[in-house]
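# A look at the structure
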Amino acid sequence: MQPWTSPPVPVLPGRGPALRLHDTATRQVRPTKPGHTARMYVCGITPYDATHLGHAATYLAFDLVHRYWRDAGHDVHYVQNVTDIDDPLLERALRDQDDWVVLGMRETALFREDMESLRVLPPRDFVGAVEAIGEIIEVVGKLLAYGAAYRIDDPEHPDIYFDHQAAAHFGSESGYDEQTMARYSAERGGDPERPGKRHPLDALMWRTAREGEPSWDSELGAGRPGWHVECSAIALNRLGTGFDVQGGGCDLIFPHHELSAAHAEALTGEYPMAQHYVHTGMIGLGSERMSKSKGNLVFVSRLRADQVDPMALRLALLSGHYRTDRPWTTRMLDEAVGRLNRWRQAVALPTGVPTEDTVRRLRAHLADDLDTPGALAALDAWATETLTRRGRDVNAPVHLQAAVDALLGIVL
Ligand code: 5CA
Ligand code: ZN
């Protein structure tokens, strides 16, 4: 798919420390150690509805990773998928008497616009499941041949499932016990009760054609792909195994990322698929998590239509730490507008206090598992000082603007 257009990114003098991120698999904040090319895969949208603030917060967190690595001199190979064929898309299309292809295209186009408005750097590869069907078929075929996948004993629908015991490290990504896995599998798109499976946690890889559903002909028989194998195939074919970061919201820890990693292990014989599994907290509305299935959504596009400054929205979503579950409130937006105004007033002055120390602190906070509250506080301090005592550095306003743009993606 065509990704969106990249905003320009200023190049800053100097470097910060190595980026440390929390890894779900080891439950530790550990340094990332990318080579010249840093490799990141982030799970993309299922385009049956518009981008809400939860999605936006998640992609903003990984945008900071992208930006930090670039600032550290890395070339970043960023891959993101679009789950443009899956049950929720088909269900929504049926409900609204829409064509599922058109629905997916429309919501993906809106997502691109939303990401562009928020100045999120685009992935190098933006890949729809439909355009990756051939790759997915190949992966499923190999896993069948290796005995890591099997057809269930159902003459009408002999779907193909992954034998989760084929991956020696199954369970190591989430660290969940079997009971927790069973619960999440039932809640998050799995089918533990499906008769004919060898084990309730085995995951669908290829769903044979059903009346009224789209399907693709293949040597596996006509059908459509399961969800987890989509991300394994798309990631491995572009990044190889052992890539630096696998990302997404914490709702994807299990089963999605566990199974994607297990598919990769069974396929390549190598472990781990990713050096860091990085998960964002959930944005809520009121007391509930914002989710398409609950319908309690605030859309980025709606706020844009209401003339909300996307930079204020970006700042509001970055004001909390990415790993904390946090509710969205209009107060967050009001505070971000106030903060942005102060910063803009400060950089509009002809001189300011020198920025070296502020930029050093900004980088240090970001390197510390994306401590955005700390990073914003460092910038607040610079703005307050500049507004009260002005400072004499004629380059300070321009330098600060460049740093805030490059590292936080905010244009003042
Ligand atoms: N297509 C799959 C991933 S392969 C999917 O989960 N799509 S999604 O549209 O449901 O979500 C897109 C991304 O937003 C995922 O990384 C998901 O974890 C994240 N996300 C969804 N809801 C929230 C929320 N309330 N807060 C933060 N992130 C969220
Ligand atoms: Zn995914």
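Source: prediction; values computed, not measured. (Residues numbered from 1 in each chain as written. Chains lettered and ligands numbered in written order. Predicted model: local features only at pLDDT ≥ 70, side-chain atom pairs only at ≥ 80, totals over all residues. Heavy atoms only, no water.)

## Notes on helix H1 (residues 53–71)
Across its 19 residues, H1 extends 26 Å between first and last C-alpha, which sits within 8% of the 27 Å expected from 1.5 Å per residue. Buried residues dominate H1, accounting for 18 of its 19 residues. Just beyond H1, the residue with positive phi is Gly-73, at close to 95°. (Helix = DSSP H or I, 4+ residues; strand = E, 2+ residues; numbered from the N terminus. Expected span 1.5 Å × (residues − 1). Buried < 20%, exposed > 50% of the residue type's maximum accessible area, 1.4 Å probe, protein only.)

## A closer look at the site of ligand 1
Residues in contact with ligand 1 amount to 24 residues; listed here are only the nearest, Gly-44, Thr-46, Thr-58, Thr-83 and Asp-251. Separating a nitrogen atom of ligand 1 from a side-chain N or O atom of Thr-58 is a distance of 2.7 Å. Taking Thr-83, its side chain carries an N or O atom lying 2.7 Å from a nitrogen atom of ligand 1. For ligand 1, whose free accessible area comes to 600 Å², the fraction covered by protein is 94%. (Near = heavy atom within 4 Å. Polar contact = N/O pair within 3.5 Å; in protein donor to acceptor, adjacent residues only side chain to side chain. Areas by Shrake-Rupley, 256 points an atom, 1.4 Å probe, with all protein chains shown as cover.)

## Looking at the sheet that holds strand S6 (residues 149–151)
The 4 strands are arranged S6-S7-S8-S9 in an open sheet whose pairing can be described as antiparallel. If you trace the sheet from one side to the other, it starts and ends with S6 and strand S9 (223–225), each paired once. Going from strand to strand, the sheet's axes swing by 25° on average, the running direction of each strand aside. In this sheet, strand S8 (residues 203–208) lies alongside strand S7 (residues 160–162) in antiparallel orientation, the contact comprising 3 bridges. Directly across from Phe-162, in S8, lies its bridge partner Ala-203. Most of the contacts of helix H7 (residues 253–268) go to S7, to which it runs at about 90°, and overall it touches S7 and S8. (Pairing = 2+ DSSP bridges. Axes fitted to C-alpha atoms, helices over the stretch in contact; angles between N-to-C directions. Contact = heavy atoms within 4.5 Å.)

## Observations concerning the layout of surface pockets
If you add up the space inside the second largest pocket, you get close to 210 Å³. Taken together, Asp-87, Leu-90, Glu-91, Ala-93, Leu-94, Asp-98, Trp-100, Gly-212, Glu-213, Pro-214 and Arg-224 make up the full set of residues lining the second largest pocket. Per-class residue counts for the lining of the second largest pocket are 5 nonpolar, 1 polar and 5 charged. (1 Å grid on protein atoms, 1.4 Å probe; cavity = no way out; pocket = protein on both sides within 12 Å on 5 of 7 lines; lining within 4 Å. Points joined across faces, edges and corners; volume = space filled by probe spheres on them. Nonpolar A, V, L, I, M, F, W, Y, C, P; charged D, E, K, R; others polar.)

## Structural notes on the packing of aromatic side chains
Under the definition given, this model contains 8 aromatic pairs. When the ring of Trp-4 is compared with that of Phe-126, the centres are 5.4 Å apart and the planes differ by 85°; the resulting orientation is edge-to-face. Of the two residues, Trp-4 sits in the segment before strand S1 (20–23) while Phe-126 sits in strand S5 (residues 125–128), which places them 122 residues apart along the sequence. Summarising the burial analysis for this pair, Trp-4 and Phe-126 share the class buried. Taking 6.2 Å as the distance between ring centres and 80° as the angle between the ring planes, the aromatic pair formed by Trp-100 and Trp-216 counts as edge-to-face. Pair noted here: Trp-100 is in helix H3 (residues 100–117) and Trp-216 is in the loop between S8 and S9, with a separation of 116 residues, a long-range link. Classification of Trp-100 by relative accessible area gives buried; the value is 19%. By the ring-pair criterion, three or more aromatic residues cluster together here, those being Trp-4, Tyr-59, Phe-111 and Phe-126. (Phe/Tyr/Trp six-rings, centres within 6.5 Å; stacked < 30°, edge-to-face > 60°.)

## What about empty space enclosed by the protein?
Counted under the stated rule, the structure contains 2 cavities of 30 Å³ or more. Taken as a whole, the largest cavity spans an internal volume of roughly 100 Å³. If you go around the largest cavity, you meet 14 residues; those closest to its centre are His-169, Ser-172, Ala-261, Glu-265 and Tyr-271. Per-element accounting of the lining of the largest cavity gives the leading share, 4 residues, to H7. Residue classes in the lining of the largest cavity are distributed as 8 nonpolar, 2 polar and 4 charged. Put simply, the second largest cavity is a space of about 80 Å³.

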